Amino acid sequence: MWLRELRLTSFRNYRSLAIGFENGLNFLYGPNGSGKTSVLEAISYLAVARSLRSASDAEVARWGDAGFGVGGDVIESDGGARTIVLRYRRGAGKEVSLDGEPLARLSDLVGHLRVAWFCPEDTWITKGGPDARRRLVDMTLCQIDAGYLAALSCYRRALRQRNEALLNWTPDEESDRVVEAWSGKVADYGGRVIAGRAAMIPRLAEKVSRFHAEISGGDTLTLAYRSSVPLGDAGRSPGEAATGEEEAIEPGEARERFARALGDGLEDEKRRGFTLVGPHRDDLEVKLDGRLLRTFGSQGQHRTAAIALKLGEAAVLDADGRGVVVLLDDVLSELDNERGAALVSHMGRHGQAFVTSTARAARELAPGAGEGEGVACYHVNEGEVVRE
Amino acid sequence: MLSFPPTLDRLIKLLGRLPGVGRKSATRIALRLIQSTEAECRELARTIVEAREKTGRCSICGGYTEDDPCPICADERRDASLVCVVERPSDVLALERTGRYGGRYHVLDGLLSPLDGIGPDELRIDSLVERAGEENLREVILALNPTAEGEATSLYLAKTLRPMGVRISRLASGLPVGGELDLADELTLGTALEERRDLSA
């Protein structure tokens, strides 16, 4: 799938914009604050109905305007075209339509346009805390499995309720039963989340290892799902490259184990007032040649690992061959030319990619490809985008 | 800017405070009202006041009623050993419309939601427990929304009622009747699959 045209109204600093793109590499360059990232952000709205910059909808609407609109024409791999339109009005919320038909739920949008977003902060994804790595896993899964998206949002809701129940806990039977009731629902939804992650991560790991070996010239990068819930054999590979299906766990089995872990830690949780175990504390462990990258990696090793992770994410999103749109937001400034070129050329293989940069020179990272062969350059300045 | 005469404007504002009535609908209703006869307007106004005065809650089930106990709780022909637990009084009407249920009801007046400060004491749970003890119930059917809050409340009630030896059930979750499989959302379809029914027997 690829995005043929994007239309914006009252979006960030764009009053109105309609622009066509190439099914290949699209370079957007211009000064800082000119609106390059906003174009990528608009594309993320068409894919997942929200900002991948984690901005609120109200922030995205142009200053003083009542809302915003994003529209796009997506060309499917079989040649079919679909038009996605998302409208937001302050106070009224978001509406999405597909080919003019309003969608009942925002989650019905999932799968029509898939995106992999890569921003400068992501170059530290293997160095920092587990949140960023969980986000990568969740963003990937939510775009290929609408059931996962539903389970994850129910899980977050139930978890907040359980934490509040723990915070208000008093030593009496009634209070115990309220916490227990929320434990039941947290385990129900959480079991589905764990099962989804345990099934996807080995597929991601296999692809990431391969890309990493290609770019680094031989170092072995391995990924493993480290759930805070003891999963027994499942999800606990001894650090070796995770392949195959042996790590899979049924949602029902995951729910049982999670429920048991919640029961085991209950006394501690009552004292501390929040949930200590569950998918919200999972991690994706990254090892380089058998050693934990987080604790010893050099800057260059972290960057190479980040690129491999993002390439792996794009490959998993594209596993069914329908394509994925890659959004590289000002990442090249963080990378040396060699890594930058490796990233751009690999990303281009999945089909369409958008690359933002302050310098037009970024275009030179796609050697051999001339204008008109799926490569286009756009100059972005003060709410206008001009194709060269 | 041209505006309506002050009294009409006030009517529009009052109507606009009602649930589900926006400014446009409020204006349409108000314009229709001032074109109707005085008798019609008086009847509407009187009925609003009367409905508010006369409608109370049943002391047994908590449903809306003009008499206490309500016609459902007072009906000797209904199965007194069967109680269906619902969140709101309007849920009683929804279940009555099915014409399939011959037991009685119990309105909880909400669902457990720690985030909104709603615990067991804010709900009509004590009176349900009392009923389970005194009325010698055979079965309690939990008919709460299949949301996180509804299902957690069901788990809580099941745990609370279990020692009383009463049978506890909850409504099935699954595919909408007459619906199409590929239109069902993934969580519903997953639940329907888990709670599938045996047809071989």
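Residues numbered from 1 in each chain as written. Chains lettered and ligands numbered in written order. Predicted model: local features only at pLDDT ≥ 70, side-chain atom pairs only at ≥ 80, totals over all residues. Heavy atoms only, no water.

Participant: Run through helix α5 (residues 173-216) of chain A, naming residues and quoting values.
Facilitator: Taken as a whole, α5(A) carries its principal kink of about 25 degrees at A:Met200; the proline A:Pro202 stands between one and four residues after it. A positive phi of about 80 degrees marks A:Gly217, the residue just after α5(A). (Bend = angle between axes of the 7 residues up to and from the residue. Helix = DSSP H or I, 4+ residues; strand = E, 2+ residues; numbered from the N terminus.)

Participant: Residues and numbers for the sheet that holds strand β1 (residues 2-11) of chain A, please.
Facilitator: All names here are of chain A. Across the sheet, 6 strands lie side by side as β2-β1-β4-β5-β6-β7; this open sheet has antiparallel pairing. Both edges of this open sheet fall to β2 (14-20) and β7 (101-102), since each of them pairs with a single strand only. Here β1 runs beside β2; their pairing, made up of 6 bridges, is antiparallel. Bridging across to β2, threonine 9 finds its partner in serine 16. (Pairing = 2+ DSSP bridges.)

Participant: A description of the domain arrangement of chain B should follow, citing residues and the corresponding values.
Facilitator: According to the domain assignment, chain B contains domain 1 (6-54) and domain 2 (64-198). Domain 1 of chain B and domain 2 of chain B are separated by 35 Å when their C-alpha centres are compared. (Domains from an automatic or database assignment.)

Participant: Could you give me a rundown of the packing of aromatic side chains, with the residues and numbers involved?
Facilitator: Residue and element names in this part refer to chain A. The full count for this structure, using the stated rule, is 8 aromatic pairs over all chains. An aromatic cluster is present here, built from Phe11, Tyr45, Phe68 and Tyr88 joined pairwise through their rings. The cationic tip of arginine 210 hangs over the ring face of phenylalanine 211; the distance from NZ or CZ to the ring centre is 5.7 Å. A cation over an aromatic ring shows up here: arginine 291 above the ring of phenylalanine 296, its NZ or CZ 4.0 Å from the ring centre. (Phe/Tyr/Trp six-rings, centres within 6.5 Å; stacked < 30°, edge-to-face > 60°. Lys NZ or Arg CZ within 6 Å of the ring centre and 35° of its normal.)

Participant: Provide a residue-level description of the pairing of strand β10 (residues 283-288) of chain A, including the pertinent values.
Facilitator: All names here are of chain A. Burial runs high along β10: 5 of the 6 residues are buried. Of the pairings in the sheet, the one linking strand β9 (residues 221-226) to β10 comprises 6 bridges and is antiparallel in character. Pairing of threonine 222 across the sheet is with lysine 287, part of β10. Direction of pairing for β10 relative to strand β11 (residues 291-292): antiparallel, over a ladder of 2 bridges. When the sheet's bridge partners are listed, lysine 287 is paired in β11 with leucine 292. What sits between β10 and β11 in their antiparallel hairpin is a turn of 2 residues, with aspartate 289 showing a positive phi close to 45 degrees. (Buried < 20%, exposed > 50% of the residue type's maximum accessible area, 1.4 Å probe, protein only.)

Participant: Can you lay out the interface of chain B and chain A for me, pointing to particular residues and giving the numbers?
Facilitator: On the chain A side, the residues contacting the 22 residues of chain B number 25 residues. In total, chain B and chain A occlude about 2,100 Å² of area from one another, counting both sides; carbon and sulfur atoms represent 60% of this. A per-residue breakdown of the area chain B buries against chain A is headed by B:Pro114, B:Leu115 and B:Leu187, which together make up 31% of the total. Inspection of the chain B/chain A interface yields 4 salt bridges. Along the contact surface separating chain B from chain A lie 7 residue pairs in polar contact (both at pLDDT 80 or more). Looking at the side of chain B that touches chain A, the elements with two or more residues in it are α7 (148-161) and α8 (186-194) of chain B. If one sorts the elements of the side of chain B that touches chain A by residue count, α7(B) sits on top with 8 residues. For the side of chain B that touches chain A, the class distribution of residues is 10 nonpolar, 4 polar and 8 charged. (Contact = heavy atoms within 4.5 Å. Buried area = accessible area lost by both parts, 1.4 Å probe. Salt bridge = Lys/Arg side-chain N within 4 Å of Asp/Glu carboxyl O. Polar contact = N/O pair within 3.5 Å; in protein donor to acceptor, adjacent residues only side chain to side chain. Nonpolar A, V, L, I, M, F, W, Y, C, P; charged D, E, K, R; others polar.)

Participant: Hey, could you go over helix α10 (residues 337-348) of chain A for me, with residue numbers and the actual values?
Facilitator: Compared with the 16 Å implied by 1.5 Å per residue over 12 residues, the 16 Å span of α10(A) between its first and last C-alpha is a close match. Of the positions making up α10(A), those classed as buried are A:Gly340, A:Ala342, A:Leu343, A:Val344, A:His346 and A:Met347. (Expected span 1.5 Å × (residues − 1).)

Participant: So, the sheet that holds strand β13 (residues 353-357) of chain A: which residues are in play, and what are the values?
Facilitator: Residue and element names in this part refer to chain A. Pairing is mixed in the open sheet, where 6 strands are placed in the order β8-β12-β13-β3-β14-β15. On the outer flanks of this sheet lie β8 (115-118) and β15 (384-387), each paired with one strand and no other. Sheet twist, expressed as the mean angle between neighbouring strand axes with direction ignored, is 20 degrees. Where strand β3 (residues 25-29) lies against β13, 5 bridges are found, and the strand directions are parallel. Bridging across to β13, tyrosine 29 finds its partner in serine 357. Contacting β8 and β12 (325-329), helix α9 (residues 299-317) crosses the sheet at an angle of about 170 degrees to β8. (Axes fitted to C-alpha atoms, helices over the stretch in contact; angles between N-to-C directions.)

Participant: So what about the pattern of salt bridges? Which residues, and what values?
Facilitator: Pairing is possible between side chains of opposite charge, provided their charged atoms come close. Residue and element names in this part refer to chain A. Under the defined criterion, the tally for this structure stands at 46 salt bridges over all chains. A salt bridge links arginine 7 to aspartate 73, with the nearest nitrogen and oxygen atoms 3.1 Å apart. On the criterion of sequence distance, the pair formed by arginine 7 in strand β1 and aspartate 73 in strand β4 (residues 67-75) is long-range, its members being 66 residues apart. According to the relative accessible area criterion, arginine 7 is partly exposed, its value standing at 27%. Classification of aspartate 73 by relative accessible area gives buried; the value is 12%.

Participant: Please provide a residue-by-residue account of unusual backbone geometry, values included.
Facilitator: With an omega of -5 degrees, the peptide bond between B:Asp68 and B:Pro69 qualifies as cis. Take B:Pro69: it is sitting in the loop between β2 (64-65) and α4 (71-74). A positive phi is found at A:Asp289, a non-glycine position, where the angle reads about 45 degrees. Assignment of secondary structure puts A:Asp289 in the loop between β10 and β11. Unusually for a residue other than glycine, B:Asp109 sits at a positive phi of about 70 degrees.

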